[in-house]
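Okay, here's what each chain looks like letter by letter:
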Amino acid sequence: LLAGVPERDRLVRGRVTLVIAGEELPVDLIVPDGQLTLEDVLPVLQGLADIVAARGEADARAEGRTVSCRAGCGACCRQLAPISQAEARALARLVAAMPEPRQGEIRRRFAGALQALETAGLREDIERVRAGDAGAEALGLRYFRAGGACPFLGAEACSIHPDRPLICRQYLVTSPAGNC
């Protein structure tokens, strides 16, 4: 997994071993040398999350189950998706780099989502309640029932799939898609 730009950064190699379901999985990492921020290693974290998700999908297949998540569903994209500040900054840069009219469309969707949260009386609660807090699950249900969608959702598919947040990489639903 690579984080950093070889043409710009002095890179170092390392290896971590993930233990998934008792099985060791060595992963080679290439990162910039020196002190790193979470934003610097976000590509590595995304790659690790993808490896874990792929393993989960393989395990499901081995058990005769099928992951029903795919482009065209979008049900999970209507849930609260807590992200880190580093991910928020990375997404802001992604949007800023989008050409018009796409950038304007995404910005309008975010503005509409904020307005919908205000209208539903959810914005203050979302800012106050953190994952794991008492009331987080109830807040998530209220949010889902309000029917808002991720501003990056288009045609029931993630329009930024390679850059999606870590939390979004964890969805591996094996129940029938109709139950979503």
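As the structure is a computational prediction, the values presented were derived from the model and not from experiment.

Chemist: For the overall build of the protein chain, give the residues involved together with the corresponding values.
Modeler: Tallying secondary structure elements over the protein chain gives five helices and four strands in all. Helices and strands appear in the protein chain in the N-to-C order β-β-α-α-α-α-α-β-β. Within the span of the protein chain, comprising 180 residues, buried residues form 24% of the whole. Partitioning the contacts of the protein chain with sequence separation of at least 6, the portion at a separation of at least 24 is 63%. About 11400 Å² of surface is accessible on the protein chain, with carbon and sulfur atoms providing 55% of the total. Across the protein chain, the mean location of the 22 positive side-chain charges is 3 Å away from that of the 23 negative side-chain charges.

Chemist: An account of the pairing of strand S1 (residues 11–20) is needed here, citing residue identities and associated values.
Modeler: Moving residue by residue along a regular strand, the side chains alternate between the two faces of the sheet. In this sheet, strand S2 (residues 23–32) lies alongside S1 in antiparallel orientation, the contact comprising ten bridges. Across the sheet, the residue bridging to Leu18 is Leu25, located in S2. Taking the residues that link successive antiparallel strands as the turn, the S1-S2 hairpin has two residues, and the phi of Ala21 there is positive, at about 55°.

Chemist: Give me the nonpolar core: which residues, what numbers.
Modeler: Listed in full, the eight residues of the largest apolar core are Ala3, Leu18, Ile20, Val27, Leu29, Val31, Val44 and Leu48. Among the secondary structure elements, those contributing two or more residues to this core are S1, S2 and helix H1 (38–62). At three residues, the largest contribution of residues to this core is made by S2. Contacts of Ile20, omitting those with residues within four sequence positions, involve Leu25, Val52 and Arg55.

About the thresholds
Residues numbered from 1 in each chain as written. Predicted model: local features only at pLDDT ≥ 70, side-chain atom pairs only at ≥ 80, totals over all residues. Heavy atoms only, no water. Helix = DSSP H or I, 4+ residues; strand = E, 2+ residues; numbered from the N terminus. Buried < 20%, exposed > 50% of the residue type's maximum accessible area, 1.4 Å probe, protein only. Contact = heavy atoms within 4.5 Å. Areas by Shrake-Rupley, 256 points an atom, 1.4 Å probe, with all protein chains shown as cover. Lys, Arg positive; Asp, Glu negative; His and termini not counted. Charge placed at Lys NZ, Arg CZ, Asp CG, Glu CD. Pairing = 2+ DSSP bridges. Core = buried A, V, L, I, M, F, W, Y, C linked by side-chain atoms within 4.5 Å.

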